Amino acid sequence: MDPVSRKTITVDVNGEEYEREVDARRLLIHFIRDDLGLTGSHIGCDTGNCGACSVIVDGVLVKSCMMLAVQADGAKIETVEGLAQDGELTALQQAFSDHHALQCGYCTPGMLMSATALLRVNKQPSELEIRKAIQGNICRCTGYVNIVEAVKAAAQ
């Protein structure tokens, strides 16, 4: 491969620094899953439609299938693996369990990251604000009702 098409990047993922050489066209989701072995974020569509790959980059929710790994050079990235601390679920993760806000679980990492991003900027979102925050995430199992209820409960 042409050496010009590769670049060394450094990222902080869930508080751990990584330095890797990547192909200039490598998507962030593939870097996270394949290069770093963090498989919590899912690949659903590779077109930015489903939200299963949602992560937080420098405080901003992004769909990692729509971002190149080289664009994340120097960034702080948060994935679903970084939510729980010392084996303890966050209030949001616990609410997802308590309110049966998941079935197959494929969309769950993206939903959790979208809801986490929302709750960081809006501690008491309305139902409409919650629905707007998760509208970029497709769930084919739950009908969203329990997901919205879980986010409401976590906001309490």
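Residues numbered from 1 in each chain as written. Predicted model: local features only at pLDDT ≥ 70, side-chain atom pairs only at ≥ 80, totals over all residues. Heavy atoms only, no water.

Draft legend 1. Quick peek at the pattern of salt bridges. Tallying each qualifying case throughout the model produces nine salt bridges. In this structure, the salt-bridge partner of D35 is R26, at a minimum N-O distance of 3.1 Å. Here D35 falls in the partly exposed class, since its relative accessible area comes to 29%. Taking relative accessible area as the criterion, R26 reaches 24% and is therefore assigned partly exposed. (Salt bridge = Lys/Arg side-chain N within 4 Å of Asp/Glu carboxyl O. Buried < 20%, exposed > 50% of the residue type's maximum accessible area, 1.4 Å probe, protein only.)

Draft legend 2. Seen up close, the sheet that holds strand β2 (residues 16-23). As summarised here, the arrangement of the five strands in space is β2-β1-β5-β3-β4, forming an open sheet in which the pairing is mixed. The open sheet is flanked by β2 and β4 (60-63), the only strands paired with a single partner. On average, adjacent strands in this sheet sit at an angle of 40 degrees to one another, irrespective of strand direction. Alignment of strand β1 (residues 6-13) against strand β5 (residues 76-78), held across two bridges, turns out to be parallel. Bridging from a neighbouring strand, D12 pairs with K76 of β5. This element, helix α3 (residues 108-121), spans β3 (54-57), β4 and β5 of the sheet and lies at about 40 degrees to β3. (Pairing = 2+ DSSP bridges. Helix = DSSP H or I, 4+ residues; strand = E, 2+ residues; numbered from the N terminus. Axes fitted to C-alpha atoms, helices over the stretch in contact; angles between N-to-C directions. Contact = heavy atoms within 4.5 Å.)

Draft legend 3. Local environment of the nonpolar core. Ranked by size, the top nonpolar core spans 24 residues in total, and within it L92, F96, M111, L112, L119, I147 and V151 carry the most contacts. Broken down by secondary-structure element, the contributors of at least two residues to this core are α2 (91-98), α3 and α5 (145-155). Sort the elements by how many residues they give to this core and α3 lands first, with seven residues. If sequence neighbours within four positions are ignored, L119 has contacts with L92, P125, V151, A154 and A155. Ranked by size, the runner-up nonpolar core spans 18 residues in total, among them I32, V62, A75 and I77. (Core = buried A, V, L, I, M, F, W, Y, C linked by side-chain atoms within 4.5 Å.)

Draft legend 4. Region of interest: the pairing of β1. Pairing of β1 with β2, which is carried by eight bridges, proceeds in the antiparallel orientation. Within β2, the residue paired with V11 across the bridge is Y18. In this antiparallel pair of consecutive strands, β1 and β2, the connection spans two residues, and N14 shows a positive phi of 55 degrees.

Draft legend 5. Layout of the packing of α2 against α5. The contact between α2 and α5 brings their axes to 8 Å, and the two run at 140 degrees. When the axes of α2 and α5 are compared, the pair comes out oblique. Crossing geometry of α2 relative to α5 is assigned as right-handed. Facing A91, L92, A95 and F96 of α2, the residues of α5 in contact are I147, A150, V151, A153 and A154. (Parallel < 35°, antiparallel > 145°, perpendicular 65-115°, else oblique. Left-handed = near helix turned anticlockwise from the far one by under 90°.)

Draft legend 6. Local environment of the layout of surface pockets. If you add up the space inside the largest pocket, you get close to 190 Å³. Its residues assigned to classes, the lining of the largest pocket comprises nine nonpolar, two polar and one charged. Size it by volume and the second largest pocket reaches roughly 170 Å³. As for the second largest pocket, its lining consists of L83, T90, A91, L92, T116, L119, R120, K123 and A154. (1 Å grid on protein atoms, 1.4 Å probe; cavity = no way out; pocket = protein on both sides within 12 Å on 5 of 7 lines; lining within 4 Å. Points joined across faces, edges and corners; volume = space filled by probe spheres on them. Nonpolar A, V, L, I, M, F, W, Y, C, P; charged D, E, K, R; others polar.)

So yeah, pure geometry; function would need other evidence.
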